[in-house]
Amino acid sequence: MVLIFIDQSERKIKKTSFEAITYGVKLAAQLNTTAAGLVLGQTDDDLSSLGKYGLTKIQQVDDAALNDMDAQVYTTVIAEAFRNAGADTLVMSANLTGKAIAPRLSVRLKAGLVTGAVSLPDTGNGFVVKKAVFSGKAFAHVAVQTPQRIVTVSPNAIRAESGSGEAQVEKITVAVPAAKVKVESRDVLKGEVSLADAEIVVSGGRGLKGPENWGMIEELAKLLHGATACSRPVADAHWRPHHEHVGQTGGAIAPNLYIAVGISGAIQHLAGVNRSKTIVVINKDPEAPFFKAADYGIVGDAFEVMPKIIEAVKKL
Ligand code: FAD
């Protein structure tokens, strides 16, 4: 049985969870077994509607103590739910929550772990999972040899597939241990598209000269219903907040469209964005390395090109 962990934020199911569900449901079909979802904490979403992703059964530990993610508590509760369900495979997103809890669960359950799967495993002869390595420069095929296994799915590698259907939601009881840390306060960015979930990302680099010039990046992102991102030196210089920094040492994203403005395209930056479906580069230097990775390139001064793009998008 494949158990799929359905991750939430602010009592809402994350987009990456829909991808994990699609992956888990397809994997269960491939293994000729059943799939069930697992939700921790209370939710404002209609869990039965997740049936449209092919899930027929969802278990929920409906306990307010689980509304905030705590890696130690989540590990204990998910491990218990996994054992009680008699599952042999656990699927979750390789998002921040997955990164924090999958290794702990691997130790707790003595289950082989593959992080950041980019496609369904080859189950013809064993259980071999393909994952990106060396900042997306190569792929590794990892064979899991334990009877129980955990696979985390790289965000945006699998497209969530929905149709119709209704899942049966079962409230389950699992002992929830006391948390060793307490959340004192939270700052939630309201009304902004989260970078991890964004289909379109407009990103700026040092070529923009200073934080005062970010208005055009924000405006284009808003017009396209996208999110903003930046290169590392921009975050290091405090022109933009650190959560916007993408690359080897920042967030890894894979939106449908990544627009890079005044970014050179250093290998460390590309490591975080090279899985984007379409890359558009605006740079005044025709020799900028980013053009080699771009699907579309505009050689020009960002301060002349961006206002024209913004005007054109406004007319759409
Ligand atoms: P620059 O390299 O200064 O490039 C600015 C670009 O803007 C140039 O190509 C220039 O032609 C162009 N430009 C200038 N003016 C204009 C204009 N008016 N209009 C249009 N274009 C213009 N970097 C990351 O981004 N993410 C990471 O995670 C990351 N991790 C790193 C990890 C390590 C271990 C190391 C050593 C480095 C890392 N870096 C990372 C830094 C990386 O190597 C580059 O230094 C950085 O990406 C460069 O940022 P940039 O392209 O914004 O700036």
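Cut-off values and rules
- Residues numbered from 1 in each chain as written.
- Predicted model: local features only at pLDDT ≥ 70, side-chain atom pairs only at ≥ 80, totals over all residues.
- Heavy atoms only, no water.
- Helix = DSSP H or I, 4+ residues; strand = E, 2+ residues; numbered from the N terminus.
- Rg over C-alpha atoms; globule rule 2.2 N^0.38 Å.
- Buried < 20%, exposed > 50% of the residue type's maximum accessible area, 1.4 Å probe, protein only.
- Contact = heavy atoms within 4.5 Å.
- Areas by Shrake-Rupley, 256 points an atom, 1.4 Å probe, with all protein chains shown as cover.
- Lys, Arg positive; Asp, Glu negative; His and termini not counted.
- Charge placed at Lys NZ, Arg CZ, Asp CG, Glu CD.
- UniProt positions renumbered as here; feature names shortened; annotations may be inferred.
- Pairing = 2+ DSSP bridges.
- Axes fitted to C-alpha atoms, helices over the stretch in contact; angles between N-to-C directions.
- Parallel < 35°, antiparallel > 145°, perpendicular 65-115°, else oblique.
- Left-handed = near helix turned anticlockwise from the far one by under 90°.
- Nonpolar A, V, L, I, M, F, W, Y, C, P; charged D, E, K, R; others polar.
- Salt bridge = Lys/Arg side-chain N within 4 Å of Asp/Glu carboxyl O.

**Focus on the overall build of the protein**
Counting its secondary structure elements, the protein contains 8 helices and 16 strands. What you see for the protein is a C-alpha radius of gyration of 21 Å, in line with the 20 Å of a compact globule of 316 residues. Judged by the C-alpha coordinates and their principal axes, the protein covers about 60 × 45 × 40 Å. With 316 residues in all, the protein has 47% of them scored as buried. The contacts of the protein with a sequence gap of at least 6 include a subset with a gap of at least 24, amounting to 65%. Approximately 15,600 Å² of the protein is accessible, and the part contributed by carbon and sulfur atoms is 51%. Positive and negative charge centroids in the protein, built from 34 and 32 side chains respectively, lie 5 Å apart.

**Considering the UniProt feature "binding site: FAD" (unreviewed entry) in the protein**
In the numbering adopted here, UniProt assigns the feature "binding site: FAD" (unreviewed entry) to Arg206, Ser231, Arg232, Gly262, Ile263, Ser264, Gly265, Ala266, Ile267, Gln268, His269 and Asn283. With respect to the element layout, Arg232 can be found in helix α5 (residues 232-236). When its relative accessible area of 41% is taken as the criterion, Arg232 is described as partly exposed. With near-sequence residues (within four places) excluded, Arg232 lies in contact with His245 and Thr249.

**Observations concerning the sheet that holds strand β15 (residues 278-283)**
The strand order β13-β12-β14-β15-β16 describes an open sheet built from 5 strands, whose pairing is parallel. Sheet topology places β13 (227-230) and β16 (296-299) at the edges, where each strand pairs with a single neighbour. On average, adjacent strands in this sheet sit at an angle of 15° to one another, irrespective of strand direction. Bridge count between β15 and β16: 4 bridges; the pairing is parallel. Among the inter-strand pairings, Val281 is bridged to a residue of β16, identified as Gly297. Of the strands in this sheet, β12 (200-204), β13 and β14 (257-261) touch helix α4 (residues 215-223), which is tilted by about 175° from β12. Against the sheet, helix α8 (residues 302-315) touches β12, β14, β15 and β16, its axis set at about 130° to β15.

**Observations concerning the packing of α4 against α8**
As a packed pair, α4 and α8 sit with axes 10 Å apart at the nearest point and diverge in direction by 25°. Looking at the two axes, α4 sits roughly parallel to α8. Seen along the crossing, α4 lies across α8 with a hand that is left-handed. Together, Met216, Ile217, Glu219, Leu220 and Leu223 of α4 and Ala302, Phe303, Met306, Ile309, Ile310, Val313 and Lys314 of α8 make up the contact between the two elements. Looking at the contact of α4 with α8 residue by residue, the classes come out as 10 nonpolar, no polar and 2 charged.

**Here's the deal with the pattern of salt bridges**
Within this structure, the stated rule accounts for 17 salt bridges. For Lys26, the salt bridge is made with Glu161, and the minimal N-O distance between the two is 2.9 Å. Placement of Lys26 in helix α1 (residues 15-30) and of Glu161 in the loop between β10 (149-153) and β11 (168-171) is noted, with a sequence separation of 135 residues between them. On the basis of relative accessible area, Lys26 is assigned to the partly exposed category, the value being 34%. In this structure, Lys171 and Asp62 form a salt bridge, with 2.8 Å as the shortest nitrogen-oxygen distance. With Lys171 in strand β11 and Asp62 in the loop between β5 (57-61) and α2 (71-85), the pair connects residues that are 109 residues apart, well separated along the chain. For Asp62, a relative accessible area of 34% gives the class partly exposed. Three or more residues are tied together by salt bridges with common partners; here these are Glu10, Asp68 and Arg186.

**With respect to the packing of α2 against helix α3 (residues 96-109)**
Between α2 and α3, whose axes approach to 9 Å, the crossing angle comes to 50°. If you check the angle between α2 and α3, you find them oblique. Judged by the twist between their axes, the crossing of α2 over α3 is right-handed. Along the contact surface, α2 presents Ala71, Gln72, Tyr74, Thr75, Thr76, Ile78, Ala79, Phe82 and Arg83, while α3 presents Ala100, Ile101, Arg104, Leu105, Arg108 and Leu109. Taken together, the residues that form the contact of α2 with α3 break down as 9 nonpolar, 3 polar and 3 charged.

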